[in-house]
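# Results of the structural survey
So the chains spell out like this:
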Amino acid sequence: MMTEEIQEQYADELEAFHIWMKDAGYTGHTVKSYTGDVVEFLISIQGKSLEQVKKLHVLSFLSRARERGVSDATRNRKHAAVNCFYKSLIELELLTNNPAFGIKKSKTEKNRAPVFLDESGLTRFLESVEGKYRTRNLAVFLLMGYMGLRVGEVHALDCKDYNAERRTLDVFGKGRKWRSLPVPETVAKVLSQAMAERLDPWRPKEEALFVSQKGKRLSIRSIQLISTETFERFQQESPANQRQNYSSHKLRHSFATMMLRRGADLRTVQELLGHASIQTTTVYTHVTSREKEEAMALLDVKLPTY
């Protein structure tokens with residue numbers, strides 16, 4: 001079945017799902033991702049009514065996604081989307097059973113160290129920022145690389161969220177939670193310059209801090225594309241086999257790693273990143289082989305005399 005047919009057949013259920021997600025405070029990015037996943041799932045059940053769907057159908061959908069080569073994280077997101085879809089319809093009294101409930105998540109690689117840039121790498125990356133909107137893009141990357149913001153958090157920033165006098169930034173993060181962050185002096189200078197050069201929005205009341213060349217709020221996808229292009233320039237002189245799979249989110253990884261290596265305590269870094277659980281923050285406590293060697297070299301091994 002085509003996407004248009006699916007959206008027509010399940011129009012009431014999809015509309016109810018949208019209302020439920022917005023009321024629950026899901027971000028626009030999550031609403032879009034979950035909607036895409038659910039439409040993909042609805043295509044897979046080939047016209048069945050939602051009451052007819054069994055756990056086997058959900059597992060089959062997830063298995064086919066795995067066979068296409070999606071990551072465990074993406075597979076788990078698709079499962080979460082379908083689970084939320086049914087959960088919303090049950091809460092809105094449109095259905096009584098959730099076939100996605102109780103299906104186990106895929107195990108992701110918990111012990112793999114995140115890809116990140118060290119401080120010299122961050123500096124070289126920022127030197128790769130160029131183009132007509134260089135100041136705006138530089139401010140975006142500084143907020144991620146030196147303040148730890150998520151891409152979606154940068155996208156959602158409004159002008160009123162930055163207090164230039166106090167040099168603080170109010171960030172609306174996951175779980176609908178606000179956190180107030182101090183802005184480093186260098187970042188503040190670039191941010192103020194970016195605001196001074198800010199394009200006039202297409203909509204008169206648009207308060208977005210970062211505006212696209214079309215006069216709209218800079219989208220998450222645009223930030224990701226700008227990041228990809230900049231990382232390509234950053235690595236263009238490196239041999240192909242030495243290039244890393246960098247992305248905009250790796251800048252947040254770099255911030256967290258840098259803070260911990262500078263001696264910031266784990267709880268503080270958790271607050272700066274906006275993590276709900278400190279367990280999430282511990283992934284950034286990884287160390288390199290060089291650091292392990294340096295630590296071992298501190299030992300003064302004394303052998304017994306014979």
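Thresholds, definitions, all that
- Per chain, the residues get numbers from 1 upward, laid out in the order the sequence is written.
- Given that this is a predicted model, residues contribute local features only at a pLDDT of at least 70 and side-chain atom pairs are listed and counted only at 80 or more, while totals for whole chains, interfaces and linings are drawn from all residues.
- Heavy atoms throughout the structure, all of them, feed into the side-chain values; hydrogens and water do not.
- For patch detection, residues must exceed 30% relative accessible area and be free of salt bridges, and they are connected within 9 Å for like charges or within 5 Å for nonpolar side chains (Val, Leu, Ile, Met, Phe, Trp, Tyr).
- Computed by Shrake-Rupley with a 1.4 Å probe, the accessible areas treat only the displayed protein chains as cover when residues are assessed.
- Salt bridge, as applied in this entry: a Lys or Arg side-chain nitrogen positioned within 4 Å of an Asp or Glu carboxyl oxygen.
- Counting from the N terminus, the helices are the DSSP runs of H or I reaching at least four residues and the strands are the DSSP runs of E reaching at least two.
- Think of it in three bands: residues with accessible area under 20% of the maximum for their type are buried, residues over 50% are exposed, and the middle band is partly exposed, with areas taken using a 1.4 Å probe on protein chains only.
- In what follows, residue pairs with any heavy atoms lying within 4.5 Å of each other are defined as contacts.
- Expected span of a helix, by definition, is 1.5 Å for each gap between consecutive residues, and there is one gap fewer than residues.
- A pair of strands counts as paired when DSSP detects no fewer than two bridges linking them.
- To form a nonpolar core, buried Ala, Val, Leu, Ile, Met, Phe, Trp, Tyr and Cys residues must be joined to one another through side-chain atoms within 4.5 Å.
- The rule is short: rings of Phe, Tyr and Trp, with Trp giving its six-membered ring, pair when the centres are within 6.5 Å, and they are stacked under 30 degrees, edge-to-face over 60, tilted in between.

Turning our eyes to something else, we now look at a nonpolar patch on the surface. A surface patch of nonpolar side chains, amounting to about 500 Å² of accessible area, comprises M296, L299, V301 and L303. Take V301: it is sitting in the segment after α14 (289-297).

Relative to the helices and strands, E229 resides in helix α10 (residues 220-234). Taking relative accessible area as the criterion, E229 reaches 44% and is therefore assigned partly exposed. When the C-alpha positions of E229 and D158 are compared, they lie 25 Å apart, and in sequence the two are 71 residues distant.

Here Q235 lies in the loop between α10 and α11 (249-261). If sequence neighbours within four positions are ignored, Q235 has contacts with Q242, R243, Q244 and Y246.

Okay, α11 next. With 13 residues, α11 should reach 18 Å at 1.5 Å per residue; the first-to-last C-alpha distance of 19 Å fits that figure. Taken residue by residue, α11 has K250, L251, R252, H253, S254, F255, A256, T257, M258 and L260 as its buried positions. The inward-facing, buried residues of α11 contact α6 (119-127), α7 (134-145), β3 (178-182), α10, α12 (266-273) and α13 (278-281). Taken from the residues just after α11, G263 is the one with a positive phi, measuring 105 degrees.

As a further point, take unusual backbone geometry. Of note, the phi angle at Q46 is positive, near 55 degrees, even though the residue is not glycine. As for its position among the elements, Q46 is in the loop between α3 (28-44) and α4 (55-67).

Our focus in this paragraph is the sheet that holds strand β1 (residues 162-163). Read from one edge to the other, the open sheet built from 3 strands follows the order β1-β2-β3, with strand pairing classed as antiparallel. What marks the edges here is a single partner per strand, and that holds for β1 and β3. As paired elements, strand β2 (residues 168-172) and β3 share 5 bridges and run antiparallel to each other. Counted as the bridge partner of F172 is W178 from β3.

Our next topic: the nonpolar core. In this structure, F141, L143, L149, L169 and F210 are the most contacted members of the largest nonpolar core, which totals 46 residues. Secondary structure elements with two or more residues in this core: α6, α7, α8 (151-156), β2, α9 (185-196), α10, α11 and α12. Sorting elements by how many residues they give to this core places α7 first, with 7 residues. Aside from chain neighbours lying at most four places away, what touches L169 is L143, M147, L149, L157, D161, Y162, R179, S180, L181 and V183.

This part takes up the pattern of salt bridges. Taken as a whole and assessed by the stated rule, the structure comprises 13 salt bridges. E153 serves as the salt-bridge partner of R179, at 2.9 Å between the closest nitrogen and oxygen. Residue R179 is found in strand β3, and its partner E153 is found in helix α8; the two are separated by 26 residues along the sequence. With respect to burial, R179 and E153 carry one shared label: buried. Look at the salt bridges and you will find they share partners, linking D37, E40, R68, R77 and K78 into a network.

Throughout the structure, instances matching the rule amount to 12 aromatic pairs. Ring geometry for F125 and F141: centres 5.0 Å apart, planes at 65 degrees, overall edge-to-face. Pair noted here: F125 is in helix α6 and F141 is in helix α7, with a separation of 16 residues, a long-range link. Each member of the pair F125 and F141 is classed as buried.

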